[in-house]
Amino acid sequence: MEYAPAKFHKSARKLAPAGETFTYSPENQRRFDEIVTRYPPDQRKSAILYALYLAQNQNGGHLTAAAMDHVAEQIRCTSAEVEDVVSYYTMFFTKPVGKYVLNVCRTLSCALLGAERVTEELCAKLGIKPGETDASGTFTLLEVECLGACDRAPVVMVNDDWHERLSPEQAGKFIDDIRAGGAAAFTGCHLHKEKK
Amino acid sequence: METVTLTIDGRPVTVEKGRTVLQAAIEAGISVPYYCYHPGISIDGSCRVCIVKIEKMPKLQTSCSTVCTEGMVVSTRDAETVAARAGVFEFLLVNHPLDCPVCDKGGECPLQDFSYTFGPADSRMDFPRRTFDGEGVKADVDFGPTLMLNRNRCILCTRCVRFMKEIDTDAQIGVVDRGCGSEIATFQEHGVHSLLSGNLMDVCPVGAITTRDYRFKSRPWDNPTVVDTTCTLCSKGCSTSAWLKAKPEWAKGSQLIRMTPRFNPDVNGYWMCDIGRFNYHWIESETRLRRPMIRTAAGLEKVGWHDAEPRLRDKIQEAAAADPDAVRFIVSAHAATEELFVLKQMVQGLLGADGLKSVSMAWTRSEKPQPPNAKFKIPAANAPNVNGARDLGFMVGQGNDGPAPDLAELKAAVEAGRVKAVYVLDPGPDGSIGDLSWLVEARRTGKLSLLAVQGVVMTPHAAAADVVLPGYAFVEKDALFTNDQGQVQSASLAIVAPAEAREDCLILAGLARALGLDIAYQTSDEVRRALGGAMPGTAYAGAGTVVFTRPVPAASWLQASNPSERWKWDFMFQDLPPVKGHNVQLEGLAREGAGPNYIPLRQVDK
Ligand code: SF4
Ligand code: SF4
Ligand code: FES
Ligand code: FES
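Residues numbered from 1 in each chain as written. Chains lettered and ligands numbered in written order. Predicted model: local features only at pLDDT ≥ 70, side-chain atom pairs only at ≥ 80, totals over all residues.

**Points about the overall build of chain B**
Scanning chain B from terminus to terminus reveals 18 helices and 23 strands. Counting only residues that meet the buried cut, chain B has 51% of its 606 residues in that class. Pairs at least 24 apart in sequence give 66% of the contacts found in chain B among residues at least 6 apart. (Helix = DSSP H or I, 4+ residues; strand = E, 2+ residues; numbered from the N terminus. Buried ≥ 20, exposed ≤ 12 C-beta atoms within 10 Å, placed from the backbone. Contact = placed C-beta atoms within 7 Å.)

This is the structure:
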């Protein structure tokens, strides 16, 4: 039904790219099918975060509209509900990100120990601003809230890993280390190690 | 009914067990503000303005999500609550654009009214306000084919999200992003595509969601009167309110400006569909039939009733002279029960007891695209009175549930030349009577000697007719319609029909008199009294006593009907008698001396 002759303008909201047709790979489909069995059938929606991680990883680090549609189909909810979740969590991306996503903690303990300067150094080294990806597509820099390792501040989370006590002075070298050795450059999470 | 008794602001209040403190306060006429609570959807507890102090509870509680218990002591007016509530309002307005002068909701906006009553006098906000999609009215963006969205005005009560999820059951709206960046959005900005979309404007407590249809057309203070009536665009028969905008003084009269749903627990709950809401323009459109017309060599010519009636009589008598069966009626199921009753008396008077055989009922049917589990289903039958016709003995096949009539038998009779004159009664919108192009064709080829059309708008068959008689649309007359549940409902006169048009049942009565019958009705009230007398022991027995609502000042409409607007009455019109329960209409308290405006189901059972 068309009730208004006039054309109204479109929202300026940043949208996820439409993306290529997306379906889970057989392996991911298998993993998803296994995960949903862990929830009661009427609470299938609880599997949404896992379903999104599978999709995001399969898609090279970010989610497209097609991927969200596919997740909605799998979870049996609407795409709007999926986007609701995706946009809420900081670890889901709707635009391409680098191979390493550097999440610099900016909450109190880290801030007191120079997190702001860490960010500055990283920006200078990579030639980008927070929220951006460097020219080579290797690094994305983000600022996040407390990462739960305050006693080893300042903390940076790189993808799913921690790097603790990253002083501003070491920030540039840290990048070089990752370029040279990848994940070997991270200290890891002391809490995690102590638990083992 | 199990009840609990609690104390609110020192007053003992007794409510049904399971009611929340907010509901108890509303029922007792104690004003507590609320935004995220809506009686028709689930409780959310997200806006926090309904906070109250409850003894023995450590902190202030949201009254909308706290269930009443025996002996509870609640305070809504102590210093702590007042200060905390004002704090919540200050936050709600931190980013609100306060563009009330250009906002459609201005004047009927809970955010305005509650802020004035409960909010702080001024804001301490020194920073620029957060804006989405540009500033001012430019922030209005597409929100699907029927709606506009202004995110700057949104207070994130999530009523719209819950409406889509719970009532429409296709959750097209979500909250994207988080914190102060949260915004209401649809996936990929597709907009809302739903036949229930107009309800989003009703549930939105601010001017964030507005309808394109009503946008910038009027302000609440320009709509001084409202009429409680019934929608007739399908067989559901939703209770609605017709809003009238005062025309400029020199223009006289008023104009139908919008339709809104009116709470009716038996039929439509709090909602109505977009078809009923937006499809009213035909009534006051350019194609409105305003005067009787007869065909002359020069085409259709406007004439007076005294010219049209004799012409019609002569043609009908001429056709009937050879064979009484050569005169047939095609009657839209948009015809009100009064019209059907007079028609029945007429055909039985002319043709004897089986006269009804000369009448073919007609309507259309379309499955509405809705999610399978939608809580508000729009019926497939696009006519309001199939059951009324059935109850009066007209042939309606399987009624509302069956296929729409195909008129094949009549069509064959016309094509075989056995039928010479056809009288079409078509008081609905164009097309609502179904496809009559074969009739137009039969008139063109001369198979028919008379095609007469009584209706509201210029349709293809009216354009081909020999005699055209202007009737009244459903908002222009008091009339009864029987919905798909068999409930006899009244649709009240809201706007005045063009001067030369005539009420449909009286056109038929006039025709009957012209054909020599003793059918003397002068008003539709007389028809209803006769109808009641003719059908004792049925739901129609009370037809003569049905009370039709009249235009009322919009302020008393607020107190009387829409419960989601009750807040307004609660504190703006406190000198008026208290409203009890939700459906004031049903409880007969709305207007002193006025009965319900439809015959409740229980009366049918008797
Ligand atoms: S758009 Fe309206 S109904 Fe929806 S969350 Fe915002 S204020 Fe509430
Ligand atoms: S469901 Fe039927 S009666 Fe109700 S508003 Fe829609 S068209 Fe009118
Ligand atoms: S403040 Fe940085 S990890 Fe907690
Ligand atoms: S109405 Fe109670 S929190 Fe919104």
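**Some details on the overall build of chain A**
Check the secondary structure of chain A and you find eight helices and four strands. Put simply, chain A runs from its N terminus to its C terminus through helices and strands in the order α-α-α-α-β-α-α-β-β-β-α-α. Seen through its C-alpha atoms, chain A measures out along the principal axes to roughly 60 × 50 × 30 Å. Considering chain A as a whole, with its 196 residues, one finds that 32% of them fall into the buried category. Long-range pairs, those at least 24 residues apart, make up 62% of the contacts in chain A between residues at least 6 apart in sequence.

**A short note on the site of ligand 2**
Lining the immediate environment of ligand 2, one finds C231, L233, C234, K236, G237, C238, N268, M272, C273, I275, G276 and I378 of chain B. When grouped by side-chain class, the residues that make up the shell around ligand 2 number eight nonpolar, three polar and one charged. (Near = placed C-beta within 6 Å. Nonpolar A, V, L, I, M, F, W, Y, C, P; charged D, E, K, R; others polar.)

**Brief notes about the nonpolar core**
C160 and V342 of chain B are the most contacted members of the largest nonpolar core, which has 169 residues in total. Examining the composition of this core, we find that seven residues originate from one element, helix α13 (residues 504–514) of chain B, more than from any other. Counting residues in each nonpolar core, the second largest holds 26 residues, with L147, A153, W162 and I175 of chain A among its members. (Core = buried A, V, L, I, M, F, W, Y, C linked by C-beta atoms within 7 Å.)

**Focus on the pairing of strand β2 (residues 11–16) of chain B**
The pairing of strand β1 (residues 3–8) of chain B with β2 of chain B spans six bridges and is antiparallel. Bridging across to β2 of chain B, V4 of chain B finds its partner in V15 of chain B. (Pairing = 2+ DSSP bridges.)

**Details of the domain arrangement of chain A**
Domain parsing of chain A yields domain 1 (26–88) and domain 2 (100–195). Summarising the inter-unit geometry, the C-alpha centres of domain 1 of chain A and domain 2 of chain A are found 28 Å apart. (Domains from an automatic or database assignment.)

**Concerning the domain arrangement of chain B**
For chain B, the assigned domains read domain 1 (3–92), domain 2 (110–211) and domain 3 (293–545). Taking only C-alpha atoms into account, the centre of domain 1 of chain B sits 53 Å from that of domain 3 of chain B.

**Side note on the interface of chain A and chain B**
Each partner contributes to the interface: chain A provides 21 residues, whereas chain B provides 26 residues. Of all the elements, helix α4 (residues 79–88) of chain A adds the most residues to the side of chain A that touches chain B, at seven residues. A per-class count over the side of chain A that touches chain B returns 10 nonpolar, five polar and six charged.

**Concerning the sheet that holds strand β4 (residues 161–163) of chain A**
Residue and element names in this part refer to chain A. With respect to topology, four strands assemble into an open sheet ordered β2-β1-β3-β4, the strand pairing being mixed. Every interior strand has two partners, whereas the edge strands, β2 (139–144) and β4, have only one. Each neighbouring strand pair of the sheet contributes to a mean axis angle of 25°, computed without reference to strand direction. Note: strand β1 (residues 100–105) against strand β3 (residues 156–158), three bridges, orientation antiparallel. (Axes fitted to C-alpha atoms, helices over the stretch in contact; angles between N-to-C directions.)

**Some words on the packing of helix α1 (residues 26–36) of chain A against helix α2 (residues 48–58) of chain A**
Residues and elements named next belong to chain A. For the pair α1 and α2, the least separation of the axes is 10 Å and the interaxial angle reads 170°. Accordingly, the angle class assigned to the pair α1 and α2 is roughly antiparallel. Residues N28, R31, F32 and I35 of α1 lie in contact with α2, whose contacting residues are Y50, A51, L54 and Q58. (Parallel < 35°, antiparallel > 145°, perpendicular 65-115°, else oblique.)

**Things to note about the sheet that holds strand β18 (residues 421–426) of chain B**
All names here are of chain B. With mixed pairing, the seven strands of this open sheet are ordered in space as β15-β14-β20-β19-β18-β16-β17. Of all the strands in the sheet, the pair left with one neighbour each is β15 (299–302) and β17 (359–362). Pairwise comparison of adjacent strand axes, ignoring direction, gives a mean angle of 20° for this sheet. Across six bridges, the pairing between β18 and strand β19 (residues 450–455) is parallel. The residue of β19 that forms the bridge with D426 is G455.

**What about α4 of chain A?**
Judged by how many residues are buried, α4 of chain A sits mostly within the fold: nine of 10 residues are covered. Looking at α4 of chain A, one finds that the buried residues are S79, A80, E81, V82, E83, D84, V85, V86 and S87 of chain A. Looking at the buried side of α4 of chain A, the elements it contacts are α2 and α3 (65–75) of chain A together with β8 (173–176) and β9 (183–186) of chain B.

**Describing the packing of helix α8 (residues 337–351) of chain B against helix α14 (residues 524–534) of chain B**
All names here are of chain B. Interhelical geometry of α8 versus α14 gives an angle of 70° and a closest axis separation of 10 Å. The orientation of α8 relative to α14 falls into the category roughly perpendicular. Contacts between α8 and α14 pair T337, E338, F341 and V342 from the former with S524, V527, R528 and L531 from the latter. Grouping the constituent residues of the contact of α8 with α14 by class yields four nonpolar, two polar and two charged.

**Quick notes on helix α11 (residues 437–444) of chain B**
Residue and element names in this part refer to chain B. Taken together, the buried positions of α11 are L439, A442 and R443. Within α11, the buried residues cover an arc of 100° as seen down the axis, which keeps them to one side. Within α11, the exposed residues directed more than 90 degrees away from the buried face are S437 and R444. For α11, the elements touching its buried residues are α10 (408–415), β18, β19 and α12 (460–463). Downstream of α11 by a residue or two, G446 has a phi angle that is positive, lying close to 85°. (Arc of directions from axis to C-beta.)

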